[in-house]
Amino acid sequence: MVMVALTEPSIVGACQSPLVTALLSRTHTCGVGPGWHDGDMCGRYAVTIDPALLAAEIDAIDEISTASQASESAQQLPVIPNYNVAPTDPVLTVVARHREPGDVPTRRIRAMRWGLVPTWAKAREDGRPQAKGAPLINARAETLTTAATFRVAAQSKRCLVPMDGWYEWRKQEGAKTAFYMNAGDGKRLFAAGLWSVWKPTGLQGQDAAPLLSCTIVTTDAVGPLQEIHDRMPLMLAAQSWDRWLDPDRDLDQSLLRGTGDATGIDTRQVSSLVNSVANNGPELLAPDDGSQRVGEQITLL
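A brief structural summary. (Residues numbered from 1 in each chain as written. Predicted model: local features only at pLDDT ≥ 70, side-chain atom pairs only at ≥ 80, totals over all residues. Heavy atoms only, no water.)

## Some thoughts on the overall build of the chain
Tallying secondary structure elements over the chain gives six helices and 13 strands in all. Looking at the chain residue by residue over its 301 residues, the buried ones come to 54%. Carbon and sulfur atoms form 49% of the exposed surface of the chain, whose accessible area is close to 13400 Å². (Helix = DSSP H or I, 4+ residues; strand = E, 2+ residues; numbered from the N terminus. Buried < 20%, exposed > 50% of the residue type's maximum accessible area, 1.4 Å probe, protein only. Areas by Shrake-Rupley, 256 points an atom, 1.4 Å probe, with all protein chains shown as cover.)

## Here we look at helix α5 (residues 238–245)
When we look at burial in α5, the residues that qualify are Ser240, Trp241, Trp244 and Leu245. For α5, the angular spread of the buried residues around the axis is 125 degrees, confining them to a single face. (Arc of directions from axis to C-beta.)

## Quick notes on the packing of aromatic side chains
Per the stated rule, a full pass over the model turns up three aromatic pairs. Between tyrosine 45 and tryptophan 114, the aromatic rings sit 5.2 Å apart at their centres with planes inclined by 65 degrees, giving edge-to-face as the arrangement. On the criterion of sequence distance, the pair formed by tyrosine 45 in strand β1 (residues 44–47) and tryptophan 114 in strand β5 (residues 106–114) is long-range, its members being 69 residues apart. Judged by its relative accessible area of 0%, tryptophan 114 is buried. The side chain of lysine 157 reaches across the aromatic face of tryptophan 195, ending 5.4 Å from its centre. Across from the ring centre of tryptophan 244, 5.9 Å away, lies the NZ or CZ of arginine 158, which sits over that ring. (Phe/Tyr/Trp six-rings, centres within 6.5 Å; stacked < 30°, edge-to-face > 60°. Lys NZ or Arg CZ within 6 Å of the ring centre and 35° of its normal.)

## Section: the environment of threonine 267
With respect to the helices and strands, threonine 267 occurs in strand β13 (residues 265–269). For the pair threonine 267 and proline 224, spaced 43 residues apart in the sequence, the C-alpha separation amounts to 9.1 Å.

## Remarks on the pattern of salt bridges
Pairing between side chains of opposite charge can happen when the charged atoms of each approach one another. According to the stated counting rule, one finds eight salt bridges in the structure shown. A salt bridge links glutamate 63 to arginine 110; the nearest nitrogen and oxygen atoms lie 2.7 Å apart. Remark: arginine 110 occurs in strand β5 and glutamate 63 occurs in helix α3 (residues 63–70); sequence separation between them is 47 residues. Here arginine 243 and aspartate 252 are joined by a salt bridge, their closest N and O atoms 2.7 Å apart. By relative accessible area, which is 17% here, aspartate 252 ends up buried. Here the residues in one salt-bridge network are Glu57, Asp164 and Arg188, joined through shared partners. (Salt bridge = Lys/Arg side-chain N within 4 Å of Asp/Glu carboxyl O.)

## Notes on the pairing of β5
Most of β5 is tucked away: eight of the nine residues are buried. Pairing of strand β2 (residues 61–62) with β5 involves two bridges; the strand directions are parallel. Within β5, the position partnered with aspartate 62 by the bridge is isoleucine 109. Pairing of strand β4 (residues 90–97) with β5, which is carried by eight bridges, proceeds in the antiparallel orientation. Each residue of the ladder has a partner; that of valine 91, found in β5, is methionine 112. As paired elements, β5 and strand β11 (residues 211–220) share two bridges and run parallel to each other. When the sheet's bridge partners are listed, arginine 113 is paired in β11 with serine 213. (Pairing = 2+ DSSP bridges.)

## What about the sheet that holds β13?
Strand order across the open sheet formed by five strands is β3-β1-β8-β9-β13, with antiparallel pairing between neighbours. With one partner strand each, in any of the chains shown, β3 (82–85) and β13 form the two edges of the open sheet. Across this sheet, the average inter-strand angle for adjacent strands is 25 degrees, counted without regard to direction. Sheet topology note: the β1/β3 ladder contains two bridges and is antiparallel. Paired with valine 47 across the bridge in β3 is asparagine 82. (Axes fitted to C-alpha atoms, helices over the stretch in contact; angles between N-to-C directions.)

Shown next as C-alpha cells:
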C-alpha cells in the first residue's frame with residue numbers, strides 16, 4: 001500500500017437546456033482508453049455522494065436537486081453513484097457565488113460538463129461549441145495564470161471537484177496497469193478546479209441556456225505516486241476551500257505550490273475493467289493483482 005498526502009496549502013436553467021443536455025450526454029459507443037490522457041492525469045475518477053448530502057456536509061446550496069425537480073428529464077444531470085466518471089460526463093462541482101451584489105458568497109453544488117469550454121470558443125451551425133482536440137479535462141497548476149485558455153477562469157471562476165478517488169495508469173514494458181487512489185481515512189477528496197460559462201453569440205445564443213463546464217487542476221506527483229504517473233490532482237483541504245473559491249479574492253498562489261509528502265493517500269492496483277466506460281460499479285474499486293485481464297481499450301476520439 002502506497003501513501004501520499006493531500007495538498008494543504010444558479011445557473012439552474014443550464015441543466016434544462018436541450019443544447020446542454022446533448023453536450024453533457026455520455027458517449028457509450030467507445031471506451032476512453034487509459035492512453036487517452038497521456039502526458040496529464042486524472043482521466044477517470046469515482047464519486048458516490050448524493051448532491052443533497054454533499055450540500056449538507058459542506059454547508060452549501062444544492063442547485064442540482066433543484067434542477068432535477070424542475071426538469072422533466074434529468075438525463076443531463078450527474079449520475080450518482082458513478083464509479084467511472086469519464087471526460088464530457090456531467091459532474092458535481094462546488095462553487096462560491098453571490099446571490100445579490102455585495103452579499104457574502106455562498107457555496108453551491110452545480111452540475112458541469114467535465115472538459116472546460118473557453119468563453120471565446122466559437123459556435124458550430126447547430127449552436128454547439130466547436131471542439132478542437134481532446135476535451136480540456138486538466139489544467140496545469142504551473143501555468144494556470146499564464147495559459148490563455150485558463151487565466152480568465154483562474155481569476156474568479158475557481159471550483160472544487162469532489163471525488164472518492166481517482167484512477168491512473170502506470171506504463172511498464174509496453175503495458176498499462178490501472179491503479180485507484182483514495183484517502184486512507186476514507187474521507188472525501190476535493191480537487192481544485194476551474195469553471196466556465198459558455199453561450200453561443202449572436203442569434204444562436206438568444207434562446208440558448210449557458211453551458212457550464214470545468215477542468216481539474218493538476219500538479220507534480222509526489223512520493224510513491226511518481227512511480228505510477230508524474231501528475232496528480234491538486235487536492236485542497238477544508239481550511240483552504242474558501243480561499244480558493246472566493247470569487248472576490250485574487251488567486252492565492254501558495255495554494256498552487258504545495259504538494260505535501262508521502263502520507264495520506266492509499267494506492268492500489270485495480271482491474272482493467274475500468275478501461276471501458278461501459279463498466280460502472282463498485283467492483284471497479286476492488287483490489288486486483290492483474291491476473292484477470294480484460295483487454296486494451298480504444299480511445300474516445
